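Close look at the chain arrangement
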Amino acid sequence: MLPLEFLFGRAFSEDPYAAYDELRASGPVHPIDFPRGATAFLVVDHEHGRAALNDPRLSKDSAHSSVPVNGELFFGGTMLAMDPPDHTRLRALVAKAFTGRRVEKLRPRVQEITDGLLDGVAARGEADLIEDFAVPLPIQVICELLGVPASDRPRFREWTAVLTVPALTAEARERRREAARAFNGYLVEVIAERRASPEDDLISGLVTARDGDAALTDAELLGSIALLLIAGHETTVHLIGNGVLALLRAPGQLELLRARPELLPSAIEELLRFDGPVERASQRIALADMEIAGTPIPKGAWVHVSLGAADRDPAVFEAPGRLDVTRAPKRHVAFGHGIHFCLGAPLARLEGQIAIGSLLDRFPRLALAVPPEELRHHRTGSIVRGLVSLPVRV
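Notes on the structure follow.

Thresholds, definitions, all that
Residues numbered from 1 in each chain as written. Predicted model: local features only at pLDDT ≥ 70, side-chain atom pairs only at ≥ 80, totals over all residues. Heavy atoms only, no water. Core = buried A, V, L, I, M, F, W, Y, C linked by side-chain atoms within 4.5 Å. Buried < 20%, exposed > 50% of the residue type's maximum accessible area, 1.4 Å probe, protein only. Helix = DSSP H or I, 4+ residues; strand = E, 2+ residues; numbered from the N terminus. Contact = heavy atoms within 4.5 Å. 1 Å grid on protein atoms, 1.4 Å probe; cavity = no way out; pocket = protein on both sides within 12 Å on 5 of 7 lines; lining within 4 Å. Points joined across faces, edges and corners; volume = space filled by probe spheres on them. Nonpolar A, V, L, I, M, F, W, Y, C, P; charged D, E, K, R; others polar. Pairing = 2+ DSSP bridges. Expected span 1.5 Å × (residues − 1). Arc of directions from axis to C-beta.

1. Thoughts on the nonpolar core
The biggest cluster of nonpolar side chains holds 90 residues, and the ones touching the most others in it are F156 and L390. With 16 residues, helix α13 (residues 218–248) is the largest single contributor of residues to this core. In contact with F156, other than residues within four places in its own chain, are I139, C143, V148, F183, Y186, L187 and L229. Counting 20 residues, the second-largest nonpolar core is a separate cluster that includes F12, Y20, F34 and A309.

2. Considerations on empty space enclosed by the protein
All chains considered together, the criterion is met by three cavities of 30 Å³ or more. Around the second largest cavity, the lining residues are S266, E269, E270, R273, F317, R327, A328, P329, K330 and H332. Residue composition of the lining of the second largest cavity, grouped by class: three nonpolar, two polar and five charged.

3. Concerning the layout of surface pockets
Its boundaries defined by the atoms lining it, the second largest pocket holds a volume of some 380 Å³. Residue lining of the second largest pocket: 19 residues in total, with E14, L245, R249, D275 and R385 positioned closest to the centre. Contributing elements (two or more residues each) for the lining of the second largest pocket: α13 and α15 (264–275). In terms of residues, the lining of the second largest pocket owes the most to one element, α13, which gives three residues. When its residues are assigned to classes, the lining of the second largest pocket shows eight nonpolar, three polar and eight charged.

4. Details of the sheet that holds strand β4 (residues 126–128)
A sheet is described by the order of its strands in space; here three strands give the open sequence β4-β10-β9, paired in antiparallel fashion. The open sheet is flanked by β4 and β9 (367–368), the only strands paired with a single partner.

5. Focus on the sheet that holds strand β1 (residues 29–31)
Strand order in this open sheet of five strands is β1-β2-β8-β5-β3, and the pairing throughout is mixed. In the strand order of this sheet, the two ends are held by β1 and β3 (58–59), each with one partner. Here strand β5 (residues 284–286) pairs with strand β8 (residues 302–305) via two bridges, running antiparallel. Paired with I285 across the strands is W302, a residue of β8.

6. What about helix α5 (residues 86–97)?
With twelve residues, α5 extends 17 Å between its outermost C-alpha atoms, agreeing within 8% with the 16 Å of an ideal straight helix rising 1.5 Å per residue. Of the positions making up α5, those classed as buried are H87, L90, R91, L93, V94 and A97. Within α5, the buried residues cover an arc of 165 degrees as seen down the axis, which keeps them to one side. Next to the buried residues of α5 lie α6 (100–104), α12 (202–208) and α13.

Have a look at this one:
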């Protein structure tokens, strides 16, 4: 059985792909000690991982777990932790507000925010691209989309920093409870304001969304806004950070992308595949005894799908460990697959294209300010994979 340290240790956080290659060579499914006390399995190939992401025999509802679950490991009350028909109803209502038209309207503003942040980087001549660029860009964008005032955004960054990682100690659980209380209290006030006086923002759209007579309940509004804010922010931070690092470590690909900017949309898909921001999909739980790739999965067992491992599967992607911005977009699962495919994927793609494209265009001498081996990834056990910092010279 793979120990808990396999997912939470420093060595794994710095290079999970070598470990995944070794695991995949010996089979697509492996028992793992996460969470402790539960029967759990890790899927590391593309074929079975992709199938598991859309398998109705695997539930997202933690109530089906074979062991008592610390609910703080889940986005409880959100569509991410629901099965049909509740998931179907909730996603349809949120999709009515989170439309492609609303996202596309953000393009000029995303470019404006990007240019302003890059002005600051240019003035300093160096920067931590995580703290100075990748973090403030998506938090400004998602807050503007939702209708959160600029004065409140620093608090949102503090809350997301706590709420996006598992609470594995008593102290961490208390911090999370405090952050959740403050976050929910704030959102309750904003929802009441939008009900009384709707505006042209996403929270108003969610408050007023209807599917026949159906509307979002107060709890569903809170969960949906929290999910959009947290998932829409943190994952884009690391799409930008991981993507820029991958290009800096493959200078030939970086120069090719500069020379052929029309490759940018496919390059973003390749960066998502190569080192995506979501390392592992959130849990699924077997509703009945079943098998995955011949491995028995008992009822109540947890199934973790490694998106990072699936997207480096050589059975699907030629030379998967090589970054290739000309690679035709293929079936990567960086945004998941099936009914839980990321609703915010269009926004993430838009931000990634503008952020990375503008950065490369603005700074032709962009370079790492530290040796690559000094960079560190977060070691929190989060499903998110991202750098702690990314010092660069411009």
